[in-house]
Number of protein chains: 2
Amino acid sequence: MSTIAICEVGPRDGLQNEKAVIAPEDKVQFIQLLAGAGLKEIEATSFVRPGVIPQLSDAEQVFAAVKHLQTEISLPVLVPNAKGLERALQSGVKSLAVFTATSESFTKKNTNATLKESMDRIRDIMKELQSQPEVRVRGYISTVVDCPYEGKQDPGKCAAIVTELLEMGCFEVSLGETIGTAVPEDIRRLLDSVLRSNPAEKLAGHFHDTRGTALANVFAALDMGIRSFDSSAGGMGGCPYAPGAAGNVATEDLVYALHRSGFETGVNLTDLCRATAHIEQAVGRPSTSRVYQAMKASSIQISEQE
Amino acid sequence: MSTIAICEVGPRDGLQNEKAVIAPEDKVQFIQLLAGAGLKEIEATSFVRPGVIPQLSDAEQVFAAVKHLQTEISLPVLVPNAKGLERALQSGVKSLAVFTATSESFTKKNTNATLKESMDRIRDIMKELQSQPEVRVRGYISTVVDCPYEGKQDPGKCAAIVTELLEMGCFEVSLGETIGTAVPEDIRRLLDSVLRSNPAEKLAGHFHDTRGTALANVFAALDMGIRSFDSSAGGMGGCPYAPGAAGNVATEDLVYALHRSGFETGVNLTDLCRATAHIEQAVGRPSTSRVYQAMKASSIQISEQE
């Protein structure tokens, strides 16, 4: 049976984009519950400049409280630049995520840099890390299909950025369908191009569910050999720079669909729903995960396996 | 460009399963708005025994008010037996839907009949209609993948029921994934069997979105040549005999995904959202359609086409 790697992005990508301000204690408990549910890679926080994203001003505090989990699992944190790297390393971070996009306009809005400057920042981070080969770095590319400002993106451009990030030393590159407009045909067209020059085992799918197509896109990517996906427990999140964009595909929905399709994830769905129940209360709005809602509505045990 | 036929089931399958009692005037306006949005086949109501489903006790009243639309579009009504047929014909109905299931237990709970009795009732209806060849009959089969009482269903059994319904004279058979547990692999296994003895152009997919997999299942069916799907505006509905079952795939999500994938539906997404906005107020709970939510949240025009 084939195994799928899931990177849980709820505590960072998810909560960062919720309106409610979540107490650091709630974030810590959320991460602990997610780890308890069997998630092996949990995006813990982001070391952006304090003040830019108020939701993330507690990065040090949150990371210090969950740091010990790194003996068992991976806790990537988002790092935008050399300053963020310094803070992350001081905090004892062993796994980083760096980010760029295919779109100039999106990069400008998101990071106040040109695309070239954004890649230069990543190169600086990777150079700085040459003396610390134990620190893993994951690359994110946003707007891989559509940009809210520029529209349709060129898959070839994405393919070239993937190659550059892998050459810089990223162990994996996550393809971010940021605004959730894509359908399976878009994902096939993108991967047709990206896989021509990059191996499937170095790629992950990061699909937002704004128009309900995320899970269909996951299946399109699975068909093309992708075995790593990002998801957000309870479907928390969105994107502040992409109006109307909903959260990532819900981890519950992804896990249910994968298990039922014969894949292993190592995640226990009931425990995962407990983590979502905790954060749902803290966030103050109901989870958008269909599987979570179904499990809550009925006391019927959902059959995950054939 | 290929065309997909959509059967809008919101006014019947959808509203029947909502807790709120909807005024007949609201149903009528809903149907009119749906027709205005370009839907060519709208399930208008159901002629079940008055009292069994209180939501449907206004069948005659609702149908009388929309009957004139039949000059342009199809308004199928659900008919469970000879008595229902009599009422439907007296009301001037030109398109019927009859229903059965693959599961004995579900048929018993749903219609208080054995599977054989259920097929006999349909045969009686078809005989009665021999003198009225202008009345079209659509067949529904429930629980085609899983039954809430019996679990996994045999695709071969479904294939045989499809053949029987087509031989009786149904112009199309809709395959009902009633409880929304299926993933694309289930749909492929089902269709592999059903298509061995039945043509794709006589089949429709009716997928509930209880676990978020409905649209992924639509794409699996599209890949296998199915060109007709049922959906519910705003994702209204569920199934009272299948605990925890959510509504059909939302028509907005289906239409968006199909248009973006290069298919034609004849449906205007903005007008469709107006129909959902109307019924959302009457139902008193927010629509679960992701596309509807996205269009409501942002004033950005969703790009439907390449």
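Residues numbered from 1 in each chain as written. Chains lettered and ligands numbered in written order. Predicted model: local features only at pLDDT ≥ 70, side-chain atom pairs only at ≥ 80, totals over all residues. Heavy atoms only, no water.

J.: Give a description of the overall build of chain A that names residues and reports values.
T.: Assigned secondary structure in chain A consists of 12 helices and 11 strands. The C-alpha atoms of chain A give 18 Å as radius of gyration, which agrees with the globular expectation for 306 residues (19 Å, within 12%). Structurally, chain A occupies a C-alpha span of about 50 × 40 × 35 Å along its principal axes. A burial count over chain A gives 63% of its 306 residues as buried. Long-range pairs, those at least 24 residues apart, make up 74% of the contacts in chain A between residues at least 6 apart in sequence. Carbon and sulfur atoms provide 51% of the accessible area of chain A, an area that totals close to 11200 Å². Mean positive and mean negative side-chain charge positions of chain A (30 and 38 charges, respectively) differ by 3 Å. (Helix = DSSP H or I, 4+ residues; strand = E, 2+ residues; numbered from the N terminus. Rg over C-alpha atoms; globule rule 2.2 N^0.38 Å. Buried < 20%, exposed > 50% of the residue type's maximum accessible area, 1.4 Å probe, protein only. Contact = heavy atoms within 4.5 Å. Areas by Shrake-Rupley, 256 points an atom, 1.4 Å probe, with all protein chains shown as cover. Lys, Arg positive; Asp, Glu negative; His and termini not counted. Charge placed at Lys NZ, Arg CZ, Asp CG, Glu CD.)

J.: Would you mind going over the nonpolar core in detail, with residue names and values included?
T.: Counting 171 residues, the largest nonpolar core has Leu96 of chain A together with Leu96 and Leu175 of chain B as its most contacted members. If sequence neighbours within four positions are ignored, Leu96 of chain A has contacts with Val77, Val79, Leu85, Ala88, Ile125, Leu129, Val135, Arg136, Val137 and Arg138 of chain A. (Core = buried A, V, L, I, M, F, W, Y, C linked by side-chain atoms within 4.5 Å.)

J.: Break down the pattern of salt bridges for me, with residues and values.
T.: Residues and elements named next belong to chain B. If you walk through the whole model with that rule in mind, you get 34 salt bridges over all chains. With a closest N to O distance of 3.4 Å, Glu185 and Arg188 form a salt bridge. Here Arg188 and Glu185 lie together in helix α8 (residues 184-197), a separation of 3 residues that amounts to about one turn. Exposure remark for Glu185: the relative accessible area of 34% places this residue in the partly exposed category. (Salt bridge = Lys/Arg side-chain N within 4 Å of Asp/Glu carboxyl O.)

J.: If you had to explain the pairing of strand β1 (residues 5-8) of chain B to someone new, which residues and values would you point to?
T.: All names here are of chain B. Strand direction decides the pairing type here: β1 and strand β11 (residues 228-231), joined by 4 bridges, are parallel. Bridging across to β11, Glu8 finds its partner in Ser231. Two strands pair when backbone bridges link them, and β1 and strand β2 (residues 41-42) are joined in this way by 2 bridges, in the parallel orientation. From the neighbouring strand, Glu8 faces β2, where its bridge partner is Ile42. (Pairing = 2+ DSSP bridges.)

J.: Pulling in residues and values, what's your account of the packing of aromatic side chains?
T.: Geometry of an aromatic ring pair is reported as the spacing of the ring centres plus the angle between the planes. Tallying each qualifying case throughout the model produces 2 aromatic pairs over all chains. Stacked on the ring of Tyr256 of chain B, the Lys or Arg Arg211 of chain A has its end atom at 5.8 Å from the ring centre. In this structure, Arg138 of chain B is placed above the aromatic ring of Tyr140 of chain B, and the distance from its NZ or CZ to the ring centre is 5.5 Å. (Phe/Tyr/Trp six-rings, centres within 6.5 Å; stacked < 30°, edge-to-face > 60°. Lys NZ or Arg CZ within 6 Å of the ring centre and 35° of its normal.)

J.: I'd like to hear about unusual backbone geometry, residue by residue, with values.
T.: Excluding glycine, most residues fall at negative phi; most peptide bonds, likewise, are trans. Residues and elements named next belong to chain A. A positive phi angle is found at Asn112, which is not glycine, with a value near 55 degrees. On the basis of relative accessible area, Asn112 is assigned to the exposed category, the value being 58%. Despite not being glycine, Thr143 shows a phi value in the positive range, around 55 degrees. Along the polypeptide, Thr143 turns up in the loop between β6 (136-142) and β7 (146-147).

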